[in-house]
Amino acid sequence: MPKKPLEGLRVADFSWYGAGPIAGNTLSQFGAEVIRVESETRPDGLRRVHPFAMNPDGTFKTGYNVSGYFNNFNTGKLSIQLNLNVPKGQEVAYRLIEKCDVFLTNFTPRVIDKWNLRYEQISAVNPRIIAAYAPMQGLTGPHRDFLGFGAVLTPVTGISHMSGFPHRPPIGVGTNYPDYVINPGHTVTAILAALRYRNRTGKGQLIELPQIESVVNALGTAVVEYLVNGDNPGRMGNRSLNASPHGAFRCADDPESVGSVDRWVVIACRDDREWAAAAAALGHPEAAADPRFATFEARKANEDELEALIGSWVRDRKAEDVAAALQAAGVPAGVVQNAQDLLERDEHMRARGYYQYVEHPEAGREAHDGPAFRLSATPGSVPGPAPLLGEHTMEVCERIIGLSMDEVADLLAEGVLV
């Protein structure tokens, strides 16, 4: 097994929910020792939400350690319970930070102030620390203490305004999208950049990553359009300014699809050549020469008719067959896949072995997301199961912080390690 690129790096992970822990998860997958600082007084909310592991009798398991949501994003980490609301808990936190390379949090500045974990405080303990703060709206500004999650960021960053159909209210994107990709991706990139700077200079630094500023990067050309043309791009459903047809078309039902039998294929034709290829692949080459659809401008002018026509072509066909025929013809197309498809039925995902299985002591065998990228010489991997709440409190206190058994016993008795 080759050495992972971040082996030797130690991370004090004071984050919770999605954006922070997912950034820590990437660091863990590539070799970092990541220590989740938690408290049973107010556990990470993801430990308390579905999906939960199931018992053999079909009932759900209960407790803080069986959430697939939490377990997927905290693989291979250590967990210490620590009460940061008391001075002795904060003293232990400083001693931990002193032994770490990276400090990570996504709590609001109000909470950081309360716990005395501001950069000037922790850098006084460890000047080499790379401290990544990722609150929703930043460390300063009138909204610095606003609360929210990905479902709040999606509308306040403008994504919801452009999601949905013109005659319907704005909608979400079906998941807390910013939490999983944009924020943690930027956080990891910033940490790696700060590590490179420290390797050259010996100096740590503060990373401020306001999630709102990270996520507005996903708006595409919306802000530019407003700046240049005065247009405020709105909801277009599945349509595009740059492609026609561009939509999702219902195909034959699949009775083996769990939860919902409806199946859909998406098709996008960016020019006349792709449209002609699509029409031929779907058995109707004459449609390419139809004056209503022969040019991009004609197709946009007759888009309702165009979509109805394509819908009639594919409604009795398997979505997978339609997508395969279009891809073979050089037309961008794909099946609207669900979780069952991704985990069990997508031959490409299965062949590449993206999902990795680990045995968790309470949840049992679980599928986890694998690393989002592959390094040829130093690949990452799922390092092990997520920690039980407080599973490594003793180990972290003794091996990493350097506390004696008597000191640990006193802190337990005083309610500091809870």
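Rules behind the numbers
Residues numbered from 1 in each chain as written. Predicted model: local features only at pLDDT ≥ 70, side-chain atom pairs only at ≥ 80, totals over all residues. Heavy atoms only, no water. Pairing = 2+ DSSP bridges. Helix = DSSP H or I, 4+ residues; strand = E, 2+ residues; numbered from the N terminus. Axes fitted to C-alpha atoms, helices over the stretch in contact; angles between N-to-C directions. Patch = residues over 30% accessible without salt bridge, like charges linked within 9 Å, V, L, I, M, F, W, Y side chains within 5 Å. Areas by Shrake-Rupley, 256 points an atom, 1.4 Å probe, with all protein chains shown as cover. Salt bridge = Lys/Arg side-chain N within 4 Å of Asp/Glu carboxyl O. Lys, Arg positive; Asp, Glu negative; His and termini not counted. Charge placed at Lys NZ, Arg CZ, Asp CG, Glu CD. Phe/Tyr/Trp six-rings, centres within 6.5 Å; stacked < 30°, edge-to-face > 60°. Buried < 20%, exposed > 50% of the residue type's maximum accessible area, 1.4 Å probe, protein only. Lys NZ or Arg CZ within 6 Å of the ring centre and 35° of its normal.

Per an unreviewed UniProt entry, the protein is named CoA transferase, and its organism is Tepidiforma bonchosmolovskayae.

Asks: Tell me about the sheet that holds strand β1 (residues 10-13), and name the residues and values.
Replies: Ordered by their spatial adjacency, six strands build an open sheet running β3-β2-β1-β4-β5-β6, and the pairing between neighbours is parallel. A single partner strand is all that each edge strand has here, and the edge strands are β3 (78-81) and β6 (205-208). Within the sheet, the average angular offset between the axes of one strand and its neighbour, ignoring direction, is 20 degrees. Across four bridges, the pairing between strand β2 (residues 33-38) and β3 is parallel. Within β3, the position partnered with Val 37 by the bridge is Ile 80.

Asks: I'd like to hear about a positive patch on the surface, residue by residue, with values.
Replies: Taken together, Arg 42, Arg 48, Arg 110 and Lys 114 make up a surface patch of like positive charges. Structurally, Arg 110 is set in helix α4 (residues 109-114).

Asks: Give a description of the packing of aromatic side chains that names residues and reports values.
Replies: In total, this model carries twelve aromatic pairs according to the counting rule given. Ring geometry for Trp 16 versus Phe 107: centroids 4.8 Å apart, planes at 20 degrees, classification stacked. Here the residue Trp 16 occupies a position in the loop between β1 and α1 (19-29), and Phe 107 occupies one in the loop between β4 (102-105) and α4, the gap between them amounting to 91 residues. Relative to Tyr 133, the ring of Phe 103 lies with its centre 5.3 Å away and its plane at 50 degrees, an arrangement referred to as tilted. Of this pair, Phe 103 sits in strand β4 while Tyr 133 is found in strand β5 (residues 130-133), placing the two residues 30 residues apart along the sequence. This pair shows no difference in class: Phe 103 is buried, exactly as Tyr 133 is. Put simply, the rings of Trp 16, Tyr 17, Phe 107, Trp 115 and Phe 149 pair up and form one aromatic cluster. The ring of Phe 70 is capped by Arg 47, whose NZ or CZ atom sits 3.8 Å from the centre of that ring. Over the aromatic face of Tyr 357 sits the side chain of Arg 365, whose NZ or CZ is 4.0 Å from the ring centroid.

Asks: Give me the pattern of salt bridges: which residues, what numbers.
Replies: All chains considered together, the criterion is met by 28 salt bridges. With a shortest N-O distance of 3.0 Å, Arg 299 and Asp 272 are connected by a salt bridge. With Arg 299 in helix α12 (residues 296-301) and Asp 272 in helix α11 (residues 272-281), the pair connects residues that are 27 residues apart, well separated along the chain. Overall, Arg 299 belongs to the buried group, its relative accessible area being 0%. You can call Asp 272 partly exposed: its relative accessible area is 36%. One continuous salt-bridge network, built from bridges that share partners, spans Asp 13, Arg 36, Glu 38, Asp 44, Arg 47 and Lys 77.

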